[in-house]
Amino acid sequence: MAGTSLPVLQKRSFGETARRDNWWIQPLVVFLGLSAFIVYATWAALQGVHYTHGPYLSPFYSPELWGSSPHAWFGTLPSWWPGWLPYSPAILILWAPAGFRVTCYYYRGAYYKAFWADPPNCAVGEPRKGYIGESNWPLIIQNVHRYFMYIAVLFIVMLAIDAVKAFWFEDGFGIGVGSLVLTANVILLGGYTFGCHSLRHIIGGRNDCLTASPTCHSLYKGCSALNKRHMLWAWTSLVMVMFADLYVRLCSMGVWRDIRII
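On a predicted model such as this, the values are computed, not experimentally measured, just so you know.

Visitor: Sorry if this is basic, but what is going on with the overall build of the protein chain here?
Guide: Helices and strands together make up the secondary structure of the protein chain, namely 8 helices and 4 strands. Helices and strands appear in the protein chain in the N-to-C order α-β-β-α-α-α-β-β-α-α-α-α. Expressed as lengths along the three principal axes of its C-alpha atoms, the size of the protein chain is roughly 85 × 50 × 40 Å. Buried residues in the protein chain amount to 43% of all 262 residues. Carbon and sulfur atoms make up 67% of the accessible area of the protein chain, which totals about 15,400 Å². In the protein chain, 19 side chains carry a positive charge and 12 a negative one; their mean positions are 9 Å apart.

Right, here's the structure in full:
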């Protein structure tokens, strides 16, 4: 039988592509957006002040294990903390949500393109000759995402409790703008977390026949519905968690006034 020889595609040089669209806009926007969040989150986490206002607690500092606010679980600064090292309650807990996002399947594809040009975009040449994927160090550590997911679910529970507490003021139940901000924050974070690919696999990926378990099937469909908009949930929750911290911070500093609706 006669065979057909196919041309061997030559490797593209960095930035080389046959695409005629503005392919560079997407990775540039992702680079700017993630860079802005990283800079702000790092700055806010290191402040150690202005992270609480009345019943409001910044999500960057929740749960507050040790601290000076009424929200602290175990009281003030722990005795074992080195005196020469500046302390911020956020330092003890932010590694968990940060690890969940850094190892997220969507964010990997986003920052691989935007920060590492691996590749800069689909069908665009990248600045390297070989490809190892995530089979070797350091990228093999991305496989811990499923474990960060367990912790992230616990954080959603704690942030939900914070959102409920945000409706209880010194004079009793009420609704402030901050109450709505913290509630919207946990809803968006929940949409992002419960649409996680790993959670979807745990719920239904190991079953040969989902319909054999109606409860599992319903949870799987719900998780899949969120997963279809995983990118949207990822970005809206990222912006919202930053705004929630900013809102509480500016109210605490007296720059903004929290308006009581009820």
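After that view, the rundown keeps rolling.
Visitor: Any chance you could explain unusual backbone geometry here in plain terms?
Guide: Residue S62 is joined to P63 through a cis peptide bond whose omega torsion reads 0 degrees. Checked against the element boundaries, P63 lands in the loop between strand 2 (56-57) and helix 2 (95-102). Along the chain, D118 connects to P119 via a cis peptide bond; the corresponding omega equals -10 degrees. With respect to the helices, strands and loops of the structure, P119 is situated in the loop between helix 3 (105-116) and helix 4 (145-165). Notably, H50 is not glycine yet its phi reads approximately 55 degrees, a positive angle. Here H50 falls in the partly exposed class, since its relative accessible area comes to 34%.

Visitor: I would appreciate a short explanation of the packing of aromatic side chains in the present structure.
Guide: A ring pair, where both rings are aromatic, is described by two values, the distance of the centres and the angle of the planes. Using the criterion set out here, one finds 25 aromatic pairs in the structure. Summarising the aromatic geometry, the rings of W80 and W81 are spaced 5.9 Å apart at their centres and angled 55 degrees between planes, so their arrangement reads as tilted. Aromatic side chains F100 and Y192 sit 5.4 Å apart centroid to centroid with 65 degrees between the ring planes, which places their arrangement in the edge-to-face category. Placement of F100 in helix 2 and of Y192 in helix 5 (residues 177-193) is noted, with a sequence separation of 92 residues between them.

Visitor: Which parts of the structure should I look at to understand the packing of helix 1 (residues 25-47) against helix 8 (residues 230-253)?
Guide: When two helices pack together, their arrangement is given by the angle between their axes and by how far apart the axes lie. Helix 8 packs onto helix 1 with a crossing angle of 35 degrees between their chain directions and a minimal axis gap of 11 Å. Of the two elements, helix 1 crosses helix 8, and the hand of that crossing is left-handed. On helix 8, the residues touching V30, G33, L34, F37, Y40, W43, A44 and Q47 of helix 1 are W235, L238, V241, M242, D245, L246 and R249.

Visitor: Is there a simple way to think about a nonpolar patch on the surface in this case?
Guide: A surface patch of nonpolar side chains, about 820 Å² in accessible area, is lined by W24, I25, L28, V29, F31, L32, I38, F115 and W116. Counting residues per element, the ones that place at least two in the nonpolar patch are helix 1 and helix 3. Per-element tally for the nonpolar patch: the top contributor is helix 1, with 6 residues. Mapped onto the elements, F31 comes out in helix 1. On the basis of relative accessibility, which here comes to 33%, the residue F31 falls in the partly exposed class.

Visitor: Before we go on, may I ask you to explain the state of the cysteines in this structure?
Guide: Defined simply, a disulfide is a covalent bond joining two cysteines at their sulfur atoms. One pass over the structure, following the stated rule, counts 0 disulfides. Sulfur of C122: no disulfide; nearest cysteine sulfur belongs to C104 and is 17 Å away. C122 sits in the partly exposed class, given a relative accessible area of 45%.

Visitor: So what exactly am I meant to see when it comes to the environment of A90 here?
Guide: When you line up the elements, A90 lands in the loop between strand 2 and helix 2. On a C-alpha basis, the gap between A90 and S58 in space is 9.6 Å, while along the polypeptide they are 32 residues apart. In contact with A90, not counting residues within four places along its chain, are A45, F60 and Y61.

Visitor: How should the pattern of salt bridges be read in this particular structure?
Guide: It is possible for side chains bearing opposite charge to pair when their charged atoms get close. By the definition in use, this model includes 3 salt bridges. The residue R19 makes a salt bridge to D21 at a minimum N-O spacing of 2.7 Å. Residue class for D21 comes out partly exposed when judged on its relative accessible area of 40%. For the salt bridge of D245 with R249, the shortest nitrogen-to-oxygen distance reads 3.3 Å. Remark: R249 and D245 occur in helix 8; sequence separation between them is 4 residues, near one turn of the helix. The same class applies to D245 and to R249, which are both buried.

Quick notes on the rules
Residues numbered from 1 in each chain as written. Predicted model: local features only at pLDDT ≥ 70, side-chain atom pairs only at ≥ 80, totals over all residues. Heavy atoms only, no water. Helix = DSSP H or I, 4+ residues; strand = E, 2+ residues; numbered from the N terminus. Buried < 20%, exposed > 50% of the residue type's maximum accessible area, 1.4 Å probe, protein only. Areas by Shrake-Rupley, 256 points an atom, 1.4 Å probe, with all protein chains shown as cover. Lys, Arg positive; Asp, Glu negative; His and termini not counted. Charge placed at Lys NZ, Arg CZ, Asp CG, Glu CD. Phe/Tyr/Trp six-rings, centres within 6.5 Å; stacked < 30°, edge-to-face > 60°. Axes fitted to C-alpha atoms, helices over the stretch in contact; angles between N-to-C directions. Left-handed = near helix turned anticlockwise from the far one by under 90°. Contact = heavy atoms within 4.5 Å. Patch = residues over 30% accessible without salt bridge, like charges linked within 9 Å, V, L, I, M, F, W, Y side chains within 5 Å. Salt bridge = Lys/Arg side-chain N within 4 Å of Asp/Glu carboxyl O. Disulfide = S-S within 2.5 Å.

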